[in-house]
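Working through the structure, step by step
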Amino acid sequence: MTASLATIDRFAYLDTAPLQPGDRVRFVSPSGPGNPESLERAVTYYRDWGLDVVVGDHVLDPHPRAKYLAGDDDARRQDLVDAWRDPDTAAVVCVRGGYGAMRLLDGIDWESMRAGALRRDGRPKLLSGSSDITALHEAFRVHLDVPTLFCPMPGNDVFRDSAFIREDVRRWLFEPWRGREITGARTEVLVPGTAEGRFTGGNLSLLAGAMGAVEASVLPTGILFLEDIDEEPYRLDGYLVQLGRAGRLSAASAVVLGSWHKCGELEAVRALMSEMLPPLGVPLLWEQGFGHDPEALSIPLNVDGSLVAPLDGPVRLTVGAEL
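The next thing to look at is helix α2 (residues 36-48). Owing to its 3.6 residues per turn, the α-helix aligns residues three or four sequence positions apart on the same side. In a regular helix each residue adds 1.5 Å, so 13 residues correspond to 18 Å; α2 covers 18 Å between its end C-alpha atoms and thus fits that length. Three or more residues of α2 are buried, namely S38, L39, R41, A42, V43, Y45 and Y46. Along its buried surface, α2 packs onto β1 (24-28), β2 (52-55), β3 (89-94), α6 (157-161) and α7 (163-174).

Okay, here's the thing in structure tokens:
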């Protein structure tokens, strides 16, 4: 089934589960390399959920120069395109992150991807992954306008180590999304208020790295999610400056901060965010829980939701809700 932007329903998974047992999911590695052991483990998780797993041809290819890439750009891109264009695909699952997804974007025929964006039942296919996959979440939002899932990836150690993560991802895949609350145990309100709108964002350094690209020229309003890993506070400072100068921060109706794993002293990161983001005058959450946390929450992107963030009382970040 072919699709135009007018026929793609980005709200399709608010009231219907993205997957059911028997659905085909395609595993790809658009970024860094894995190994046979982690891939076998990842496939087992999804097959145990009753899914038909098809692994991309080049998932374990070595790159001729760069050990940080899972094969050359053309091979990784072809796996991604083939997976998405397969008419029997229900979801494309990125096995792991690392670096390299952004290298694929300019060589993708987005008209062809849009033509293959719908499943046989007329609903959009689902892309899942996190970290470096932020580049794909942003591109799929701009070029395809499909809902995507920012979630821990099955080839990573946290997926192996956390039963909570595996169950949370399973629920996002096999249950409708409307009404789900997505705040973690450590969530704090830095700036109170209410907001609603489209959920966008992901990894801060990837969003900053895209400034100047075609995907960054479309500034989304709504609730902006930010997280990162292995970045010192001064680099986070620079990324925020980039987003601010480009208008991405001022377009947000709220900012939700996730984990800052291995980003130096957490209090230093908190102090930075508390200095740079409150002048936006929108609600601001700290440590919501998504990102690289060992018990990371998943978040849906390119769907709408609402935030109620009082200084005293429970915080509600609700998928598919309006104020």
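As summarised here, the arrangement of the six strands in space is β2-β1-β3-β4-β5-β11, forming an open sheet in which the pairing is mixed. The sheet is open, and its two borders are formed by β2 and β11 (299-301), each paired with just one other strand. Within the sheet, the average angular offset between the axes of one strand and its neighbour, ignoring direction, is 25°. Here β3 pairs with strand β4 (residues 126-129) via three bridges, running parallel. Residue pairing across strands places V93 opposite S128, the latter belonging to β4.

Between two aromatic rings, the relevant description is the distance of the centres plus the angle of the planes. All told, the structure shown has 14 aromatic pairs when counted by the stated rule. When the ring of Y13 is compared with that of W177, the centres are 5.8 Å apart and the planes differ by 55°; the resulting orientation is tilted. Here Y13, found in helix α1 (residues 12-15), pairs with W177, found in the loop between α7 and β6 (188-191); they are 164 residues apart in sequence, far enough to count as distant. This pair shows no difference in class: Y13 is buried, exactly as W177 is.

It is worth spelling out the environment of L190 at this point. By secondary structure assignment, the location of L190 is in strand β6. Along the chain, L190 and L277 lie 87 residues apart, while their C-alpha atoms are 9.5 Å from each other. Every residue in contact with L190, bar those within four places of it in the chain, is listed here: R270, S274, L284 and W286.

The rules behind these values
- Residues numbered from 1 in each chain as written.
- Predicted model: local features only at pLDDT ≥ 70, side-chain atom pairs only at ≥ 80, totals over all residues.
- Heavy atoms only, no water.
- Helix = DSSP H or I, 4+ residues; strand = E, 2+ residues; numbered from the N terminus.
- Expected span 1.5 Å × (residues − 1).
- Buried < 20%, exposed > 50% of the residue type's maximum accessible area, 1.4 Å probe, protein only.
- Contact = heavy atoms within 4.5 Å.
- Pairing = 2+ DSSP bridges.
- Axes fitted to C-alpha atoms, helices over the stretch in contact; angles between N-to-C directions.
- Phe/Tyr/Trp six-rings, centres within 6.5 Å; stacked < 30°, edge-to-face > 60°.

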